[in-house]
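An overview of the molecular structure
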Amino acid sequence: MPIRQLSETMINQIAAGEVIERPASVVKELVENALDAGASRVEVVTAGGGLSLIRVTDDGSGIPEKELSLAVARHCTSKLSDDIHDIRSLGFRGEALPSIGSVSRLSIRSRTASGDGAAEIGIEGGRVSAVKPAAANRGTTVEVRDLFFATPARLKFMKGERAESSATSDVVKRIAIAFPAVRFTLAGSDRSTLELPATSDTPEGRLARVAQVMGKDFPDNAIPIDAMRDGVHLAGHVSIPSYTRANALQQYAYVNGRPVRDKLIAGAIRGAFADVLPRDRHAVTVLFLSLDPATVDVNVHPAKADVRFRDPGLVRGLIVGAIREALAGAGIRAATTGAAGMMAAFRPGAAPYSHPGPANGHRSYEAAYRASGFSGFDPSRSPQRPLDMGEARAARGGFGENDQAAFDTGPLASADARAGISEPAEALLGMVLGAARAQVHENYIVAQTRDSLIIVDQHAAHERLVYEALKNALNSRAVPSQMLLLPEIVDLPEEDAERLAMHAETLAKFGLGLERFGPGAVAVRETPSMLGETNVQPLVRDLADEIADNDTVETLKERLHKIAATMACHGSVRSGRLLKAEEMNALLRQMEATPGSGTCNHGRPTYIELKLADIERLFGRR
């Protein structure tokens, strides 16, 4: 087949295959155009999951009538200067509108602030119609109908209407977080209306917008982030370790205001929370990176979803360091969702309708009622009747010990040890974890503050304390190493061997001694003593892969920390050990002074706090 020039329609359809993956991709491109036009209000309407209809209306600057035909032409844009590295807008390629028009029925109606009237242009399957007058307010309305009608094969790969609607909602929410001063509305026959009122472009306003998108629980369980290093600024919020999700969908990252899904940022977040989260849980984060546009390449993906940093090690180090510093500085905090779950567990359930006895849902009362021998309702025996003391004593014999015996279940197991008979010192009540009052079931410490009740898992809490002490010992001095009787030779690609040699000094601090051994190989002479007998070959290859990806040696550090975590688990206070009052209070004070003590090494919470106001609600006092 001879080489030939493709038609303009075919070129645009190929570009649409890269840029327009699904209806959510169309919404993303159109909303970004609206924001680049300075809109303060963006309204999105969809139908049929976005396949039948997508309409985006804004109150931005609008498009002059004479420029409408250029707006739908390929590689025409008002957002790009002569320097491709100085990109300060969300869009810049000039491909979105012609690509969308080549696979759908597209119409654009726009009016500028200084224009006498609006103008409209349409594209159907790549065929552009003439510009004509129209009626509209200031701003632009872009309407997309019958998406992918010109490429029916693409329709076969679309998911259900609900899935496409959900993807569109996620796109709008993700963009809305970065623009809190803009009002967003998402509506349509295929969804419930989503309204995000405008707040302000301040830290408080941004947090208020995050609460609109992620729920009101997040601000109560979030820690602010604000760090700067070598011209890169990081701001935002991360969740406390005890507030997590089952997936990473609520990890939002922005680079110069652009929402991205970057594996480097995701890996940095995962590394920062590695010590405090369970393996199958994920932190909730909203992070904003601001840096010189010349130091980040946003032109590496057609949909602009990925970015490439000039110095990825700097960015990763900033994220990991800032999050860990914020977690350490936040002190000890429990997630508010834990108290909510605790209240739900405490709240008494409704008794069965056929229950003839006390209707409070407690098993002890039910057992007592059955033991008393009642078979049905007897008004004379009703606890609500007026009590005649003489008759009662005569009939029951003294104080009714026989009936009371039904409630006697033996020695109470509610407190295996008590912190003391006297009231706790006022100073202890003012501490974060308060004063220890009792130990229940030989594992849980019950503490009291001025306005709350706290339950501490003594084993999990002490496990975290021992682990942090071991980590500090590892970080404060070089890790002891053991000399191998015979050096282990590891064959690697030349570039991997060179990377390892460049990081040899850092690896030596963690007890791994290696050096170059000819082309494409390294010789390992020492390994960390903590690892015992270890398989050197996969360890070195994993390190080489990590250095290639992130320019770090975290793999070795994580293995050492994993050993430390195991040692901490076996060396901590065991469940079932009775503690004295002094020991319980000492444990609480250590927890208050130790960063990250709100969760154990496995990511489970070490304590739960229930506010006095919540307890009063349980008893109907509020």
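Residues numbered from 1 in each chain as written. Predicted model: local features only at pLDDT ≥ 70, side-chain atom pairs only at ≥ 80, totals over all residues. Heavy atoms only, no water.

Focus: the overall build of the chain
A count of helical and extended segments in the chain gives 22 helices and 26 strands. Residues counted as buried form 43% of the 622 residues belonging to the chain. For the chain, the accessible surface area stands at approximately 32,400 Å², while carbon and sulfur atoms represent 53% of it. (Helix = DSSP H or I, 4+ residues; strand = E, 2+ residues; numbered from the N terminus. Buried < 20%, exposed > 50% of the residue type's maximum accessible area, 1.4 Å probe, protein only. Areas by Shrake-Rupley, 256 points an atom, 1.4 Å probe, with all protein chains shown as cover.)

A look at the packing of aromatic side chains
Tallying each qualifying case throughout the model produces one aromatic pair. If you follow Arg105 out to its NZ or CZ, it ends over the ring of Phe149, 4.0 Å from the centre. (Phe/Tyr/Trp six-rings, centres within 6.5 Å; stacked < 30°, edge-to-face > 60°. Lys NZ or Arg CZ within 6 Å of the ring centre and 35° of its normal.)

Notes on unusual backbone geometry
Backbone geometry follows two general trends: most residues other than glycine have a negative phi, and most peptide bonds adopt the trans configuration. For Asp230, which is not a glycine, the phi torsion comes out positive at approximately 50°. On the secondary structure map, Asp230 appears in the loop between β10 (222-229) and β11 (232-239). A positive phi angle is found at Glu442, which is not glycine, with a value near 55°. Mapped onto the elements, Glu442 comes out in the loop between β20 (435-440) and β21 (444-448). Judged by its relative accessible area of 32%, Glu442 falls in the partly exposed class.

Concerning the nonpolar core
Membership of the largest hydrophobic core comes to 89 residues, with the highest contact counts inside it found for Val42, Phe184, Phe273, Leu289, Phe309, Ile319 and Ile323. The biggest single contributor to this core is helix α10 (residues 312-329), with nine residues. Every residue in contact with Ile319, bar those within four places of it in the chain, is listed here: Leu234, Ile265, Ala268, Ile269, Leu287 and Leu289. Counting 24 residues, the second largest nonpolar core, distinct from the first, contains Leu512, Leu539, Leu543 and Ala544. (Core = buried A, V, L, I, M, F, W, Y, C linked by side-chain atoms within 4.5 Å. Contact = heavy atoms within 4.5 Å.)

Concerning the pattern of salt bridges
What the rule picks out here adds up to 22 salt bridges. Notably, a salt bridge pairs Arg464 with Glu468, separated by 2.6 Å at the nearest N-O pair. One end of the pair, Arg464, and the other, Glu468, are both in helix α16 (residues 458-476), four residues apart, so they sit about a helical turn from each other. Relative accessible area serves as the criterion here: at 0%, Arg464 is assigned to the buried category. Among the ionic pairs, Glu583 bridges to Arg577, the shortest N-O distance being 3.2 Å. Overlapping salt bridges, with partners in common, bring together Arg55, Glu143 and Arg145 in one network. (Salt bridge = Lys/Arg side-chain N within 4 Å of Asp/Glu carboxyl O.)

A short note on helix α2 (residues 23-36)
With 14 residues, α2 should cover 20 Å at 1.5 Å per step; its first-to-last C-alpha distance of 20 Å lies within 8% of that length. Buried residues dominate α2, accounting for twelve of its 14 residues. When α2 is considered as a whole, its buried residues turn out to be Pro23, Ala24, Ser25, Val26, Val27, Lys28, Glu29, Leu30, Val31, Glu32, Ala34 and Leu35. Within two residues after α2, Gly38 carries a phi angle of roughly 80°, on the positive side. (Expected span 1.5 Å × (residues − 1).)

Concerning the sheet that holds β11
Two strands in a sheet stick together by hydrogen bonds in their backbones, pointing the same way (parallel) or opposite ways (antiparallel). If you trace the five strands from one edge of the open sheet to the other, you get β10-β11-β16-β13-β14, paired in mixed fashion. Here the strands that pair on one side only, and so sit at the sheet edges, are β10 and β14 (258-260). Each adjacent strand pair in this sheet contributes to an overall mean axis angle of 20°, direction not counted. Across three bridges, the pairing between strand β13 (residues 251-255) and β14 is antiparallel. Opposite Tyr254, over in β14, you have Pro259 as the bridge partner. (Pairing = 2+ DSSP bridges. Axes fitted to C-alpha atoms, helices over the stretch in contact; angles between N-to-C directions.)

Structural notes on the environment of Met584
In this fold, Met584 is placed in helix α21 (residues 581-593). Counting along the chain gives 126 residues from Met584 to Gln458, while the straight-line C-alpha distance between them is 8.4 Å.

With respect to the pairing of β21
A regular strand carries its side chains on alternate faces of the sheet. Examined bridge by bridge, β20 and β21 share five bridges and lie antiparallel to one another. The residue of β21 that forms the bridge with Ala436 is Ala447. If you look at the hairpin formed by β20 and β21, you'll find three residues sitting between the two strands, and His441 has a positive phi there, around 55°. Sheet analysis places β21 next to strand β22 (residues 452-457), joined by five bridges and oriented antiparallel. Note on β22: the bridge partner recorded for Tyr444 is Asp457. Hairpin geometry of β21 and β22 is characterised by an intervening segment of three residues between the two adjacent antiparallel strands.

A few points about helix α9 (residues 263-272)
Counting buried positions along α9 yields seven of ten residues, so the element is predominantly enclosed. For α9, the set of buried residues is Leu264, Ile265, Gly267, Ala268, Ile269, Gly271 and Ala272. Next to the buried residues of α9 lie β13, β14, β16 (285-290), β18 (308-309) and α10. Where α9 starts, the residue carrying a side-chain oxygen 3.0 Å from the main-chain nitrogen of Leu264 turns out to be Asp262. (Polar contact = N/O pair within 3.5 Å; in protein donor to acceptor, adjacent residues only side chain to side chain.)

Points about the packing of α2 against helix α6 (residues 161-178)
Two elements in contact, α2 and α6, have axes separated by 8 Å at closest approach and are oriented at 25°. It follows from the interaxial angle that α2 and α6 lie roughly parallel. Seen along the crossing, α2 lies across α6 with a hand that is right-handed. Only Glu164, Ala167, Thr168, Val171, Val172 and Ile175 of α6 make contact with α2, whose side of the interface consists of Pro23, Ala24, Val27, Lys28, Val31, Glu32 and Leu35. Looking at the contact of α2 with α6 residue by residue, the classes come out as nine nonpolar, one polar and three charged. (Parallel < 35°, antiparallel > 145°, perpendicular 65-115°, else oblique. Left-handed = near helix turned anticlockwise from the far one by under 90°. Nonpolar A, V, L, I, M, F, W, Y, C, P; charged D, E, K, R; others polar.)

Notes on the side chain of Glu120
Here Glu120 shows up in strand β4 (residues 118-124). Under the relative-accessibility criterion, Glu120 is labelled buried at 16%. In this structure, Glu120 is in contact with Leu68, Ser107, Ile108, Arg109, Ala130, Val131, Lys132 and Ala134, ignoring residues within four places of it in sequence.

Looking at the confidence of the model for the chain
Chain-level pLDDT for the chain is 80 on average; 79% of the residues reach the 70-or-more range. With pLDDT under 50 throughout, residues 350-377 is counted as low confidence; its partners more than four residues away or in other chains account for 21 contacts. The low-confidence segment residues 382-421 (pLDDT under 50) makes 33 contacts with residues lying over four places distant or belonging to another chain. (pLDDT = per-residue confidence, 0-100.)

Notes on the sheet that holds strand β24 (residues 513-516)
Here we have three strands laid out as an open sheet, ordered β23-β25-β24, and antiparallel in their pairing. The open sheet has two edge strands, β23 (481-491) and β24, and neither has a second partner. For this sheet the average axis-to-axis angle between neighbouring strands, irrespective of direction, equals 15°. Against the sheet, helix α17 (residues 494-502) contacts β24 and β25 (521-528), and its axis sits at roughly 130° relative to β24.

Structural notes on the pairing of strand β8 (residues 183-188)
Both strand β1 (residues 41-47) and β8 contribute to a ladder of six bridges, which runs parallel. Bridge pairing in β8 links Val44 to Leu186. With three bridges connecting them, β8 and strand β9 (residues 194-196) associate as antiparallel partners. Residue pairing across strands places Thr185 opposite Glu195, the latter belonging to β9.

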